[in-house]
Every structure is written in structure tokens, then in C-alpha cells.
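# Structure at a glance
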Amino acid sequence: MVSQVGIHPSVERLFPPAVLRDALSDVDAEVRVVDTGAALGECDGLVTFEYDAGFLSAGLDWVHSIQSGVDRFPFEELEAHGVRLTNSAGIHGDTVGETVAGYMLQFARGLHHHRTNQTEREWSYPAWDSAFTLRGQTLCVVGLGTLGRGIAMRADALGMDVVGVRRTPTPVDHVDTVYPTTELHEAIGDARFVALAVPLTDRTSGLMARSEFEALRDDAYLINVARGAVVDQSALVAALRSDALAGAALDVFETEPLPAESPLWGMENVVVTPHTAAATHEYYRRIAALVRENVRRLNDEEGLANRVV
Ligand code: NAD
């Protein structure tokens, strides 16, 4: 039985801890905001944004990450200490799908330039041949899980041709052609937009590096809503500087926050967002639903949903 669930203060990065605590007032356990001190040792489960080594020795049975990506968590150590880990995959298709649709529309319609000109009070016409429509353009979505499918659905609705990359290349709704990971270059080679939506793993680290940028069209745009390290950032900067790439929309970076000295900040054809592609005022409710379900499962001695470790 779960008698106490802690909420780690680090969830503040995405919403106030007390908001989640109040949303979980109906669960069959005491829910309280705790820190890494003695109070943590009284918890059976913990809901957190950050990982802290103190979680290993606290006697927790279960840790829930409020993010989908759990690349910062040490799987083997958690397993060795008997701590189960669950993630928040499965809930970000709409938010990230809309963000990516926004990035693509912005590049096609030149909205990012108009906004920049507005800050200078500058009434400026773009080059006659710079604007285009998304209809008929090809998007390649790398990773067809929750995010990838949310992106593909919106791109399809905008009249785009959608292709995708998946470990098992079986059909996916709204995706015309699904390539296996071994055919990444073929998949991205004809695309005007490439959207990365894979988890960061040993296999996806540096997935987009120099040879992938060489495989892209010169007028292609890269969108990264996965994790910064999925892209070799210096290869990206080199491709942008040499006009081997038309632009990039980046929500995630090798180092976050993106350091002030990064050249990406100053590039006109780069849109930087601060790891907020999945942001919504409803975020805490979706986390509450996952936590509520897993407390029920633990109490009913069922397997955990979204279990990673
Ligand atoms: P998900 O588990 O629903 O989907 C991930 C998909 O990637 C799965 O279908 C998996 O089979 C596939 N995959 C794994 N390795 C692959 C590879 N080598 N090649 C192709 N496909 C591969 O997770 P999700 O909710 O879609 O999130 C995906 C990732 O996006 C997360 O792990 C996280 O790092 C990142 N993310 C970022 C934000 C943000 O705010 N920018 C929000 C949510 C998730």
C-alpha cells in the first residue's frame, strides 16, 4: 500500500508544487511537498522534475518523472536500489504538435522576421521569393511516438507530405512513408522540414551530425523538440553558417539554459525557445492523472503504467 507520496520542489520548473498536491487530494494516500531531507524517507513514492542522488538512499519504492524524457536518471542505480521509475510519456502530443506546427508556419510565412522587424519599428518587405506555403512541402518526423504522431497529424492537416523514421517501420496514421532507422539519410534527404522527436539514448545521441546535415537539402529547416544532445550542436552551427541549412527551431540544447555566448542566439534564421514546447496550464492535471493511476495500481498490486525501470 502507498501511504505517502511526496512532491519534490523541483516540479516548480513546470508548475507550483502545491497545485499538483491539491489536484491529488482525492488519491488514497497522503500527498505532501517534500525536500531531500528526512521527510523524503517517509515517502513511498516521489513525483519530481530533477533527479537527486539522495533519492537512492531514501527508501523510495517509486519515482515518477514529470517529464517524458528520463535521460537524466541513472537507470542501473535505481534498479540496484529497488526504485521503480515511471515517466510522463503519452501526454505531450497536442502541445508539442502545435508548437512544431507553429515553428513551420512561422518559417514558411516569415513571421519570425516580421516580429524581429517590429521590435525595431521597421516596416520591411521580405524578398519577393522568400515566402512559401506548407501545403505540398515534405516533413520528416524522426521518432513516431506521442510527440511524433502529434506533429505528423498536424502537418497532414496542413496539406504537407509526411514521412517518418521508426525503429520498426510499420505504418503510422498521417505518415505516407515510414523508414527504418538504417535509412535515416534517405528519409531526411528530400524533406523541407525535419522534426526530431526521439528520446535521448546511446543510439540517438548525436543522431544529427555532419553527415546528416550534408544529406539535407540546402533549403531545409531542422526542428528539435527532443533533447539537445540528439543534435551535434557545433555541426548544426557550421551547417547554418555555411548556408547548408535554411534555418532551425530549437527548443532543447546541449546545455540548458542556452549560454549567452552561444552563436545560436544571434542567428536570424534560428528560433530559440526555452524548452517549453510542451508547456500548457493543463500540464499539472495530466501529471496528476498519471500519478493517480499509478497510486491505484500500486494499491491494487498491478504493474505500473509508463514504467521505465
Ligand atoms: P514516446 O515514448 O511516446 O515516443 C518516443 C518514440 O521514439 C518511440 O516510439 C520510440 O520507439 C522511438 N524511438 C526510440 N529510439 C528511436 C530511434 N533510434 N529512432 C527512431 N525512433 C526511436 O515519447 P514522447 O512523449 O514522444 O517523447 C519523445 C522524447 O521527446 C522524450 O524522450 C523527450 O526527451 C522529448 N520531449 C521533449 C519535450 C519538450 O518540451 N521539448 C516534451 C516531451 C518530450
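Residues numbered from 1 in each chain as written. Predicted model: local features only at pLDDT ≥ 70, side-chain atom pairs only at ≥ 80, totals over all residues. Heavy atoms only, no water.

The subject of this paragraph is the environment of Ser234. Turning to its location among the elements, Ser234 is positioned in helix H9 (residues 233-241). Its relative accessible area of 55% is what places Ser234 among the exposed residues. Sequence spacing of Ser234 and Ala209 is 25 residues, and the spatial spacing of their C-alpha atoms is 8.7 Å. (Helix = DSSP H or I, 4+ residues; strand = E, 2+ residues; numbered from the N terminus. Buried < 20%, exposed > 50% of the residue type's maximum accessible area, 1.4 Å probe, protein only.)

Attention now goes to the side chain of Asn299. Here Asn299 lies in helix H10 (residues 283-299). Taking relative accessible area as the criterion, Asn299 reaches 16% and is therefore assigned buried. If near-sequence neighbours (up to four positions away) are discounted, Asn299 is found in contact with Met1, Val2 and Asp28. (Contact = heavy atoms within 4.5 Å.)

For the rest of this paragraph, the subject is the site of the ligand. Taken together, 25 residues sit near the ligand, with Thr146, Leu147, Arg167, Val225 and Asp251 positioned nearest. Taking Gly145, its main chain carries an N or O atom lying 3.5 Å from an oxygen atom of the ligand. Coverage of the ligand by the protein chains reaches 87% of its 860 Å² of free accessible surface. A domain-level breakdown of the shell around the ligand finds at least three residues from each of domain 1 (4-91 + 283-299) and domain 2 (133-272). (Near = heavy atom within 4 Å. Polar contact = N/O pair within 3.5 Å; in protein donor to acceptor, adjacent residues only side chain to side chain. Areas by Shrake-Rupley, 256 points an atom, 1.4 Å probe, with all protein chains shown as cover. Domains from an automatic or database assignment.)

Moving on, we get to the sheet that holds strand S8 (residues 177-180). Strand order in this open sheet of 7 strands is S8-S7-S6-S9-S10-S11-S12, and the pairing throughout is parallel. Two strands lie at the open edges of the sheet, namely S8 and strand S12 (270-272), each paired on one side alone. The average angle at which neighbouring strand axes cross in this sheet is 15 degrees, direction not considered. Two elements, strand S6 (residues 138-142) and strand S7 (residues 161-166), share 5 bridges in a ladder whose sense is parallel. In the sheet register, Thr138 faces S7, and the bridge partner there is Asp161. (Pairing = 2+ DSSP bridges. Axes fitted to C-alpha atoms, helices over the stretch in contact; angles between N-to-C directions.)

Another aspect to go through is the domain arrangement of the protein. Its domain assignment divides the protein into domain 1 (4-91 + 283-299) and domain 2 (133-272). Just the C-alpha atoms count here: the centres of domain 1 and domain 2 sit 31 Å apart.

Tallied over the entire structure, the rule returns 7 aromatic pairs. Judged by centre distance (5.6 Å) and plane angle (65 degrees), the ring pair of Tyr51 and Phe73 falls under edge-to-face. With Tyr51 in the loop between strand S3 (45-48) and helix H2 (54-57) and Phe73 in the loop between strand S4 (62-65) and helix H3 (75-80), the pair connects residues that are 22 residues apart, well separated along the chain. Given a relative accessible area of 21%, Tyr51 falls into the partly exposed group. Relative to Tyr221, the ring of Phe193 has its centre 5.2 Å away and its plane inclined at 20 degrees; by these criteria the two rings are stacked. Note that Phe193 is positioned in strand S9 (residues 193-196) and Tyr221 in strand S10 (residues 221-224), a separation of 28 residues in sequence. The exposure class assigned to Phe193 is buried, which follows from its relative accessible area of 0%. (Phe/Tyr/Trp six-rings, centres within 6.5 Å; stacked < 30°, edge-to-face > 60°.)

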